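Residue-level listing of the chains:
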Amino acid sequence: MKLTLHSAWRASAPYRVRIGLNLKGLDYGVQPVDLVSSQHQGEAYRALNAQALVPTLEVDLPGEEGRRLTQSLAILEWLDEAVPGAPLLPADPFDRATVRAMAEIVACDIHPVNNLRILRALTGLGVDQDGRDAWAQRWITDGFAAIEPMVARHGRGFAFGDAPGLADCCLVPQVYNAARFHVDMTPFPAIRAAVARALEHPAIAAAHPNLQPDAQPA
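What counts as what
Residues numbered from 1 in each chain as written. Predicted model: local features only at pLDDT ≥ 70, side-chain atom pairs only at ≥ 80, totals over all residues. Heavy atoms only, no water. UniProt positions renumbered as here; feature names shortened; annotations may be inferred. Phe/Tyr/Trp six-rings, centres within 6.5 Å; stacked < 30°, edge-to-face > 60°. Helix = DSSP H or I, 4+ residues; strand = E, 2+ residues; numbered from the N terminus. Buried < 20%, exposed > 50% of the residue type's maximum accessible area, 1.4 Å probe, protein only. Lys NZ or Arg CZ within 6 Å of the ring centre and 35° of its normal.

Per an unreviewed UniProt entry, the protein carries the name Maleylacetoacetate isomerase and comes from Caulobacter henricii. Word for word, the UniProt comment on the protein under Sequence similarities (unreviewed entry) is "Belongs to the GST superfamily. Zeta family."

As structure tokens, this is what we get:
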């Protein structure tokens, strides 16, 4: 199986998928997409992903080339179903629902209102950098306030349980983004501890934005 991930170095959604691919121990190529220059809006990338978002995962199977997957949570669930070992979701149905809820708070409630296209729209409406930071801080803090008790209850080292999984795939990139927007993480000790532990895991550490081929200087 040949895998190519169309990724942007510090974008949250491909960061999630890099973590999942690494946890599964898969080899994959990275094809950088420059969001700042709007490369994702070009005809070539839209031919891969009609939504013009990252990530896109190209999957070439023996005798069956050219499959493309989009949306980070869908890609991560496909990985868990297609690749045995290092499960991203727990076995118990209630536990699986809890982990999905944690992941969706990040991927559906926090991230969509703070991504690049939203920040650019705010800029177009005349919102300055302080205003954009305050906007991001509000939604990240609201989401983390919901996730914090879930991690405190269910985490045993990682965001859920004693092994990294889907919740960590989503939470680690969101905490990285929280730092970019100067979010006060003091009220979230369980999240801070789980992410610190996750970043010690070699597979998760290797997915960090600063280690990507298209990483830019701070």
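There's plenty left to go through after this.
Enquirer: What is the right way to read the packing of aromatic side chains from this model?
Expert: For any pair of aromatic rings, geometry is given as the distance between the ring centres together with the angle between the planes. Within the structure shown, the criterion is met by 3 aromatic pairs. Pairing Y15 with Y176 gives two aromatic rings, centres 6.0 Å apart and planes at 85 degrees, and the pair type is edge-to-face. Of this pair, Y15 sits in helix α1 (residues 12–23) while Y176 sits in helix α7 (residues 166–180); the two residues are 161 residues apart in sequence, bridging distant segments of the chain. Overall, the relative accessible area of 1% leaves Y15 in the buried class. Measuring from centroid to centroid gives 5.6 Å for F144 and F188, while their planes differ by 80 degrees, and the two rings are edge-to-face. Placement of F144 in helix α6 (residues 129–154) and of F188 in the loop between α7 and α8 (189–198) is noted, with a sequence separation of 44 residues between them. Note on F188: relative accessible area 4%, which makes it buried. The ring of F181 carries R180 above its face, with NZ or CZ at 5.5 Å from the centroid.

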